[in-house]
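Analysis of the macromolecular model
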Amino acid sequence: MSLVQDYSVLCFTLCYIFFCGLLITPPVEVISAGLTVQNIFSNVLGSETINFVYYHIKRSSVTLVVHSFLLLFYYITLGWFQPQLQLYVPWKAALQYQLVLAIALTIFIGACSVVYYWSRNNWNNHPIATQLGYLGDSSSSWRSVAASINIEFRRIDKFTSGIPTGRRIIVTDSWVIKTTTYYVHVAHQRDIHLTLKASEEHNISYENMTRVQFVHMDVNSVNVHIKPFTIRLNALDYRDLKDKLQAPVVNARNIVIRQSLSEQFLQAFAEQISINPVFHLPDGMEVDTCIGCMQKQSDIKLHKHCDAIEAGECVQCYCRPMWCLECMGKWFVSRQDQQRPETWLASRSPCPTCRATFCMLDVCKIQL
Ligand SMILES: [Zn+2]
Ligand SMILES: [Zn+2]
Ligand SMILES: [Zn+2]
């Protein structure tokens with residue numbers, strides 16, 4: 001074999017490995033172009049929203065078959081690009097290519113047989129189905145557990161984190177679910193212990209070019225048939241996840257979860273307001289529910305205390321109290337230059353109702 005030929009086979013192989021990488025762990029660009037196994041086979045897979053469990057049973061099976069075909073596809077395309085290797089007449093090809101073909105065929109046929117075995121009796125043998133079988137009562141089948149998961153997945157108040165095509169964490173009222181390439185981990189909320197294990201920080205996230213922290217959490221089930229698994233999620237999603245979980249999260253290693261910029265600001269905002277002068281409600285005036293969240297009582301009055309006198313600076317607001325501290329803080333943040341958070345604390349905002357300008361010194365807590 002000539003050196004040139006060796007070189008072109010090597011180049012082809014490297015390109016192919018790159019292509020496989022894109023297919024197995026697709027970057028955001030590939031996902032947004034729709035070039036993923038899920039998208040290409042969407043007709044076979046059905047709807048995830050309507051039938052979550054069957055969708056993932058089929059998705060993991062199709063993914064396994066597609067991935068197992070990659071080496072064989074390499075052999076076929078290499079034979080197409082390099083006809084002189086005579087790969088389509090294997091008995092004339094070099095020994096190493098015969099070996100590649102044998103391994104490729106074994107992997108592909110093996111995977112197809114496994115998927116065929118899983119699919120018998122309407123997917124009774126699939127590992128996800130087996131796992132669900134351990135989650136129901138002794139009398140119920142895995143299909144009733146699947147039905148319960150499907151129903152809860154359709155609710156809009158579930159927690160989800162991660163990209164739809166990759167590893168995703170889903171927490172519903174009763175279930176904690178993690179999807180992976182070939183499997184879906186499921187645990188019942190009442191059975192689990194959660195432990196914060198580690199955190200990792202990256203200076204730049206590819207999504208929004210800011211610092212990002214990821215936390216790793218172990219999920220252990222008291223059900224001995226359920227394998228423990230690890231959840232990895234953006235620290236900014238951590239609070240939402242905790243709200244959805246019924247069990248407490250053990251943080252034995254005292255891992256510090258970073259807050260988002262606006263959370264940090266809201267904390268500083270609340271601290272400043274707590275040292276500002278309070279506002280005494282005049283007799284006969286009553287406070288209503290906050291018109292921002294419709295939940296808390298209004299507890300904020302804008303009353304000019306700073307010594308700004310120049311035009312364009314703070315002016316007195318005469319609105320009656322209509323906002324709670326949290327909503328006023330969020331409003332204040334939303335009026336700031338999002339690119340320059342260092343200016344927020346010293347900045348001003350118009351009153352949400354009358355547009356009178358105020359600063360943080362003019363926000364007073366109401367003394368009831
Ligand atoms: Zn409010
Ligand atoms: Zn006002
Ligand atoms: Zn002011």
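Just so you know, these numbers come straight off a predicted model, no measurement behind them. (Residues numbered from 1 in each chain as written. Chains lettered and ligands numbered in written order. Predicted model: local features only at pLDDT ≥ 70, side-chain atom pairs only at ≥ 80, totals over all residues. Heavy atoms only, no water.)

Some words on the coordination of the zinc ion (ligand 2)
Put simply, the test is: Water is not among the atoms examined, so metal sites may look incomplete; donors are the N, O and S atoms within 2.8 Å of the metal, or within 3.2 Å for Na, K and Ca. All geometry calls rest on donor angles, where a four-donor set with angles between 85 and 135 degrees is tetrahedral, four- and six-donor sets with opposite donors more than 155 degrees apart and all others between 65 and 115 are square planar and octahedral, and all else is irregular. Between buried and exposed lies partly exposed: a residue is buried under 20% and exposed over 50% of the maximum accessible area for its type, with that area taken using a 1.4 Å probe on protein chains only.
The protein atoms that coordinate the zinc ion (ligand 2) are C317 (SG), C319 (SG), C351 (SG) and C354 (SG), at distances spanning 2.3 Å. Here the zinc ion (ligand 2) binds 4 donor atoms, and the angle range of 102 to 119° at the metal identifies the geometry as tetrahedral. In primary-sequence terms, the residues that donate to the zinc ion (ligand 2) follow C-x1-C-x31-C-x2-C. For C319, a relative accessible area of 15% puts it in the buried group.

Remarks on the coordination of the zinc ion (ligand 1)
Taken together, C290 (SG), C293 (SG), C324 (SG) and C327 (SG) make up the full set of protein donors to the zinc ion (ligand 1), lying 2.2 to 2.4 Å away. Coordination at the zinc ion (ligand 1) is tetrahedral: its 4 donor atoms span angles of 102 to 119° at the metal. Taken in sequence order, the residues that donate to the zinc ion (ligand 1) follow the motif C-x2-C-x30-C-x2-C. Take C293: its relative accessible area is 25%, and that puts it in the partly exposed class.

Description of the side chain of S174
For the record, the criterion: A run of H or I in DSSP counts as a helix once it spans at least four residues, and a run of E counts as a strand once it spans at least two, with each numbered from the N terminus. We call two N or O atoms a polar contact when they sit within 3.5 Å, provided that within protein one can donate a hydrogen and the other can accept it, with sequence-adjacent residues counted only if both atoms are side-chain atoms. Pairs of residues are marked as contacts when any of their non-hydrogen atoms sit within 4.5 Å.
Here S174 lies in the loop between β2 (168–171) and β3 (175–179). Side chain to side chain, S174 and E152 meet in a polar contact 2.5 Å long. With near-sequence residues (within four places) excluded, S174 lies in contact with E152, A187, H188 and Q189.

Quick notes on the domain arrangement of the chain
In plain terms, the rule: Annotation comment: domain bounds sourced from an automatic or database domain assignment. Reported buried area values correspond to the accessible surface (1.4 Å probe) lost by two parts on association, with both partners' losses combined. Salt bridge criterion: a side-chain nitrogen from Lys or Arg within 4 Å of a carboxyl oxygen from Asp or Glu.
Segmenting the chain into domains produces domain 1 (3–125), domain 2 (129–142 + 151–250) and domain 3 (261–367). For domain 1 and domain 2, the distance between their C-alpha centroids amounts to 29 Å. Contacts between the two partners involve 21 residues from domain 1, matched on the other side by 19 residues from domain 2. Across the domain 1 to domain 2 interface the summed buried area is about 1600 Å²; carbon plus sulfur atoms make up 63%. If you sort the residues of domain 1 by the area they bury against domain 2, I31, F52 and R59 come out on top, with a joint share of 26%. Linking domain 1 to domain 2 there are 1 salt bridge. As a salt-bridge pair, R168 and E48 come within 2.4 Å of each other at their nearest N and O atoms. Across the domain 1-domain 2 interface, the total number found is 6 residue pairs in polar contact (both at pLDDT 80 or more). Of all the secondary-structure elements, those providing two or more residues to the side of domain 1 that touches domain 2 are α2 (28–32), α5 (52–81) and α6 (95–123).

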